[in-house]
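# Commentary on secondary and tertiary structure
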Amino acid sequence: MTRKVHIKSYGCQMNVYDSSRMAGLLAEIGYRLAETPDEADLVILNTCHIREKASEKVYSDIGRLRALKEKGKAAGRDMTIAVAGCVAQAEGEEIIRRAPVVELVFGPQTYHRLPELLESVAKAKKSNRPAAIVDTEFPVEEKFNHLAKKAPAPGPSAFLTIQEGCDKFCTFCVVPYTRGGEFSRTIEEIALEARGLAARGAREITLLGQNVNAFHGLDKDRNELGLGGLIRRLAGIKGLARIRYTTSHPRDMEDDLIAAHGEIEALMPHLHLPVQSGSDRILKTMNRGHSAGDYLKLVEKIRKSRPDIALSSDFIVGFPGEREEDFEKTLELVREINYAQAYSFKYSPRPGTPAANAPGQIPEAVKADRLAALQQILNAQKQAFNQASVGKKMTVLFERHGKHKGQIVGRNPYMQAVHVVTEDAKNCLGSLKEVEILAAGPNSLKGKLTLPARAQSAA
Ligand code: SAH
Ligand code: SF4
Ligand code: F3S
């Protein structure tokens, strides 16, 4: 009998990638993916611990699943609830104490053991023993060796994790604790997976890592390559039209990677380069290892290599000790750079991180005011960037149907979402077409195909 699994991903793209790997492994032991948890035999919550809100959301979701499980029981079904990902790693057994309905907890580095773990849960249930199992070890290398043969088909745009973990220990961040130390996969392994994704229809690959540009992998001849070198190797793969990478740290933007932006056509002109703050004093207490001036110089260099690059960033407001003048420096930096898009967050104290106990915690109301002021500028910059696209022609990789009849949605090289209405969606989805941008909204662009889909060469 086939069983159904529902997997919900929270947090970053690395979790999305891990969830797809889990789906592949589970397909090998007879699980089909279910869109909703309603009739699932197994529900996996692949969680995020980065901010308190993200972390607490898991418990409200577990509450809803508990009700669903009870309902299923009445109909003779048994749902197993599993918690995976970064909350699982950080809280371990605590999850089962707080939510005894959870029967399996496993961290980001042990999902390749999922088939055995599920078997143990099933055995325990059969013999009426308490079934709860916790596996939060760190055998990073192992999990990548388990490439499932039945992995679900990738979409036109696929993720590929090339690096995991972080040794940077920014004082606000849980990642070095939940994902462990930095680890890079080998060039061969990555190239093999990338070729497989391209052969199965992916036209774009986003290389992932918590610190993706700290990547340093060995090739067959044991030469060490950085991210720039890896991208140069992957750029030749048949069918692969676009390469992106995320998330980068300013300290690891090597010259070769910057040069690649000017030289490699497949490398898209968009870069997410988090700066967090524009104040040197705050950057120092955050342990970011660079100043605002270093970041500005870096951006100048990157723009020299690729003048049209769209820049994106992350910001934290209300970090402990942040004074009004520090926050002003952040606004100054934002005005100076002019971002295409950005994420901004109120500082959230995380258990076990140094900043959580630092003096000078900022009141919520101040954080909220600063966030609003920052977002006002960032939104205006985004709007202006979107508006500047109107009238231009650009290639769009169409990924999915939109909400309206005949509407399809894709992304242009700068990561902006582009909506087009066409009678020929079939010939557009999964391929790159040239589009003229007609209008810009706050979060997306509208355009039309410059030529009918079939008249455009299958780029
Ligand atoms: N590796 C990436 C970031 C991963 S976390 C990097 O170094 O940039 C994604 C973003 O979440 C961070 O860039 C930061 O802006 C935000 N973040 C991390 N910890 C946070 C915290 N404790 N409170 C608020 N935002 C946080
Ligand atoms: Fe977290 Fe800093 Fe590492 Fe990014 S570089 S994952 S923010 S510790
Ligand atoms: Fe969240 Fe873990 Fe990613 S904490 S942001 S899911 S690395």
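Note: the structure precedes this text.
Overview of the structure. (Residues numbered from 1 in each chain as written. Chains lettered and ligands numbered in written order. Predicted model: local features only at pLDDT ≥ 70, side-chain atom pairs only at ≥ 80, totals over all residues. Heavy atoms only, no water.)

### A short note on the pairing of strand S10 (residues 204–208)
When you tally the buried positions in S10, you get five out of five residues, the bulk of the element. Alternating positions in S10 separate into two faces, Glu-204, Thr-206 and Leu-208 on one and Ile-205 and Leu-207 on the other, with burial throughout. Pairing geometry for strand S7 (residues 157–161) and S10, over five bridges, is parallel. What sits directly across from Ser-157, in S10, is Glu-204. In this structure, S10 lies alongside strand S13 (residues 242–246), joined through five bridges in parallel fashion. Bridging from a neighbouring strand, Ile-205 pairs with Ile-243 of S13. (Buried < 20%, exposed > 50% of the residue type's maximum accessible area, 1.4 Å probe, protein only. Helix = DSSP H or I, 4+ residues; strand = E, 2+ residues; numbered from the N terminus. Pairing = 2+ DSSP bridges.)

### Thoughts on helix H1 (residues 13–28)
In this model, H1 (16 residues) spans 23 Å end to end at C-alpha, consistent with the 22 Å of a helix rising 1.5 Å per residue. Most of H1 is tucked away, with 12 of its 16 residues classed as buried. Considered for burial, the residues of H1 that qualify are Met-14, Asn-15, Tyr-17, Asp-18, Ser-19, Arg-21, Met-22, Ala-23, Gly-24, Leu-25, Leu-26 and Ala-27. Looking one or two places after H1, you find Gly-30, whose phi comes out positive at around 95°. (Expected span 1.5 Å × (residues − 1).)

### Notes on the pattern of salt bridges
Within this structure, the stated rule accounts for 33 salt bridges. Close ionic contact of Lys-69 with Glu-103 constitutes a salt bridge, the shortest N to O distance being 3.6 Å. Of this pair, Lys-69 sits in helix H2 (residues 52–74) while Glu-103 sits in the loop between helix H4 (93–98) and strand S5 (104–106), placing them 34 residues apart in sequence. In this structure, Lys-69 and Glu-103 share a single accessibility class: buried. Salt-bridge contacts for Arg-179 lead to Glu-164; the nearest nitrogen and oxygen are separated by 3.2 Å. Note that Arg-179 is positioned in the loop between helix H7 (175–178) and strand S9 (183–184) and Glu-164 in strand S8 (residues 163–164), a separation of 15 residues in sequence. (Salt bridge = Lys/Arg side-chain N within 4 Å of Asp/Glu carboxyl O.)

### Structural notes on the sheet that holds strand S2 (residues 31–33)
If you trace the six strands from one edge of the open sheet to the other, you get S2-S1-S3-S4-S5-S6, paired in parallel fashion. In this open sheet, the two edge strands, each paired with only one partner strand, are S2 and strand S6 (133–135). Ignoring which end each strand starts from, the neighbouring axes of this sheet average 20° apart. Inspection of the sheet shows strand S3 (residues 42–47) paired to strand S4 (residues 80–84) by five bridges, in the parallel sense. Among the inter-strand pairings, Ile-44 is bridged to a residue of S4, identified as Ala-82. Across the face of the sheet, H1 comes into contact with strand S1 (3–9), S2, S3, S4 and S5 while running at roughly 155° to S3. (Axes fitted to C-alpha atoms, helices over the stretch in contact; angles between N-to-C directions. Contact = heavy atoms within 4.5 Å.)

### Details of the packing of aromatic side chains
Across all of its chains, the model carries five aromatic pairs by this definition. Seen in terms of ring centroids, Phe-315 and Tyr-339 are 5.7 Å apart; in terms of plane orientation they differ by 85°. Their pairing is edge-to-face. Pair noted here: Phe-315 is in strand S15 (residues 310–317) and Tyr-339 is in the loop between helix H13 (324–337) and strand S16 (341–346), with a separation of 24 residues, a long-range link. Phe-315 gets classed as buried once you look at its relative accessible area, which sits at 0%. (Phe/Tyr/Trp six-rings, centres within 6.5 Å; stacked < 30°, edge-to-face > 60°.)

### Some details on the sheet that holds S10
The strand order across the open sheet formed by three strands is S7-S10-S13, and the pairing between neighbours is parallel. The sheet is open, and its two edges are formed by S7 and S13, each paired on a single side. In this sheet, neighbouring strand axes are inclined to one another by 25° on average, regardless of whether the strands run parallel or antiparallel.

### Some thoughts on the packing of H13 against helix H14 (residues 364–387)
Between H13 and H14, the shortest axis-to-axis distance is 10 Å and the interhelical angle comes to 5°. One way to sum up the angle between H13 and H14 is to call them roughly parallel. Touching Glu-324, Phe-327, Thr-330, Leu-331, Val-334 and Arg-335 of H13 are Arg-370, Ala-373, Leu-374, Ile-377, Leu-378 and Gln-381, all from H14. Here the contact of H13 with H14 is composed, by residue class, of seven nonpolar, two polar and three charged. (Parallel < 35°, antiparallel > 145°, perpendicular 65-115°, else oblique. Nonpolar A, V, L, I, M, F, W, Y, C, P; charged D, E, K, R; others polar.)

### What to know about the site of ligand 1
In the neighbourhood of ligand 1, 15 residues make up the surrounding shell, with Arg-51, Gln-210, Gln-276, Asp-314 and Ser-348 lying closest. Within the side chain of Asp-314, a nitrogen or oxygen atom sits 2.6 Å from an oxygen atom of ligand 1. In the model, a nitrogen atom of ligand 1 is placed 2.8 Å from a nitrogen or oxygen of the Ser-348 main chain. Summarising the interface, the protein chains cover 89% of the accessible area of ligand 1, which totals 540 Å² for the free molecule. Taken together, the elements giving at least two residues each to the shell around ligand 1 come down to S15 and S16. Of the residues contributing to the shell around ligand 1, the split by class is six nonpolar, four polar and five charged. Counting only domains with at least three residues in the shell around ligand 1, you end up with domain 2 (151–268) and domain 3 (272–381). (Near = heavy atom within 4 Å. Polar contact = N/O pair within 3.5 Å; in protein donor to acceptor, adjacent residues only side chain to side chain. Areas by Shrake-Rupley, 256 points an atom, 1.4 Å probe, with all protein chains shown as cover. Domains from an automatic or database assignment.)

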